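Chain residues, written in single-letter form:
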Amino acid sequence: MITRCYLEITNICNLNCFFCPKTDRAKRRLTLEEFETLTNRLQGKIKFLYFHLMGEPLLHPQLPQFIEIARRKGFIPVLTTNGTLLAKAYDIIDALPHKIQISLHSHEGNSREDAEEYIREVMKFSIEAVARGIVIVLRFWNQGGSENNNERLIQLISEYAPQPWSERYYGWRLQENLYIEFDKIFEWPDSESDEYACEESFCYALRNQIGVLVDGTVVPCCLDHEGEIALGNLFEAELEDILESPRARAIYDGFTRHNAVEPLCRRCGYAAVTKRFRKK
């Protein structure tokens, strides 16, 4: 079983973060019928279903229904959001996703000045969600970048979840089910850039994770935002057949040898900057 699948229910976003590579793909949302088809083909083969790759999932009007369907089919649903639409998204709490990751660095990424209002809505939603047993992770994935707003946002957060907080290896535990998480800023893979070029590499793509774009294209990981490494289409083929295709097997076997066979993988800023996938 693959641990995580990043299922892109929409590639439309309401923000324009400077750190996001965007996508030139046609803008669209999954229909209910399409979501049923894709999740039927993923059922029993994926543990955690992440409603994100590109786009803002809270823009999808059927998100609560999608979460409930995912839970019913045995997936553990996880959301990643920029948090700007939470004030109108309380119905997703009733759908009971396992975890919601809120990218607070998106506030800085858009040079927003409404910090008090933004954190008030984020924390009001978060406190109600954690009371229902939903895990909330407040993300600051901008370490090594400007980090201009972090101190101010953390101060505002503490007004709703008073300190002291218990320290974790990645951040803090504020209270039951409520966390702050830090991580390094990174460059998205760019097959035309040689800044992070390196053939010797390891990645958990196709081992622990896959991505499915909104048009059904299966990609090795959540960072292939344009579908450059298209392995097949889940609307047209079973997942097992796609993962056994020659291109998919070459990627998998290459990483087994600590070798990146795809140009995009050889230029992965995430692997280079975070150094998560060091050779053992």
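Residues numbered from 1 in each chain as written. Predicted model: local features only at pLDDT ≥ 70, side-chain atom pairs only at ≥ 80, totals over all residues. Heavy atoms only, no water.

Novice: I'm lost on the sheet that holds strand β1 (residues 2-7) in this one. Help?
Specialist: The strands making up a sheet associate through hydrogen bonds between their backbones, and the pairing can be parallel or antiparallel. Taken in spatial order, the eleven strands line up as β6-β7-β8-β5-β4-β3-β2-β1-β9-β10-β11 in an open sheet, and their pairing is mixed. Of all the strands in the sheet, just β6 (166-168) and β11 (232-233) have a single pairing partner and so form its edges. Note: strand β5 (residues 135-143) against strand β8 (residues 178-184), six bridges, orientation parallel. Bridge assignment links Val-137 to a residue of β8, and that residue is Tyr-179. Packing of helix α2 (residues 63-72) onto the sheet brings it into contact with β2 (46-50) and β3 (76-81), and relative to β3 it is tilted by some 150°. Packing against the sheet, helix α6 (residues 150-158) makes contact with β5, β7 (171-175) and β8, and its axis sits at approximately 160° to β5. (Pairing = 2+ DSSP bridges. Helix = DSSP H or I, 4+ residues; strand = E, 2+ residues; numbered from the N terminus. Contact = heavy atoms within 4.5 Å. Axes fitted to C-alpha atoms, helices over the stretch in contact; angles between N-to-C directions.)

Novice: Explain the pairing of β3 to me, please; I cannot follow it from the model alone.
Specialist: In summary, the side chains of a regular strand alternate between the two faces of the sheet. In terms of burial, β3 is a largely internal element, five of the six residues being buried. Since β2 and β3 lie parallel, the crossover through α2 that links them has a hand, and here it is right-handed. In terms of strand pairing, β3 meets strand β4 (residues 99-103) through four bridges, oriented parallel. Bridge assignment links Leu-79 to a residue of β4, and that residue is Ile-100. (Buried < 20%, exposed > 50% of the residue type's maximum accessible area, 1.4 Å probe, protein only. Right-handed = clockwise from strand over helix to strand, strands pointing away.)

Novice: Help me out: how do you make sense of the layout of surface pockets in this one?
Specialist: With a probe scaled to a water molecule rolled over the atoms, the places where space remains empty come into view. Volume-wise, the second largest pocket comes out at about 200 Å³. Secondary structure elements with two or more residues in the lining of the second largest pocket: α7 (239-243) and α8 (246-256). Grouping the constituent residues of the lining of the second largest pocket by class yields seven nonpolar, no polar and five charged. (1 Å grid on protein atoms, 1.4 Å probe; cavity = no way out; pocket = protein on both sides within 12 Å on 5 of 7 lines; lining within 4 Å. Points joined across faces, edges and corners; volume = space filled by probe spheres on them. Nonpolar A, V, L, I, M, F, W, Y, C, P; charged D, E, K, R; others polar.)

Novice: What exactly am I supposed to notice about the side chain of Gln-209 here?
Specialist: On the secondary structure map, Gln-209 appears in strand β9 (residues 209-212). At a separation of 3.2 Å, a polar atom in the side chain of Gln-209 contacts the main-chain amide nitrogen of Cys-222. Beyond its immediate chain neighbours, meaning those up to four positions away, Gln-209 contacts Ile-2, Arg-4, Tyr-6, Tyr-204, Pro-220, Cys-221 and Cys-222. (Polar contact = N/O pair within 3.5 Å; in protein donor to acceptor, adjacent residues only side chain to side chain.)

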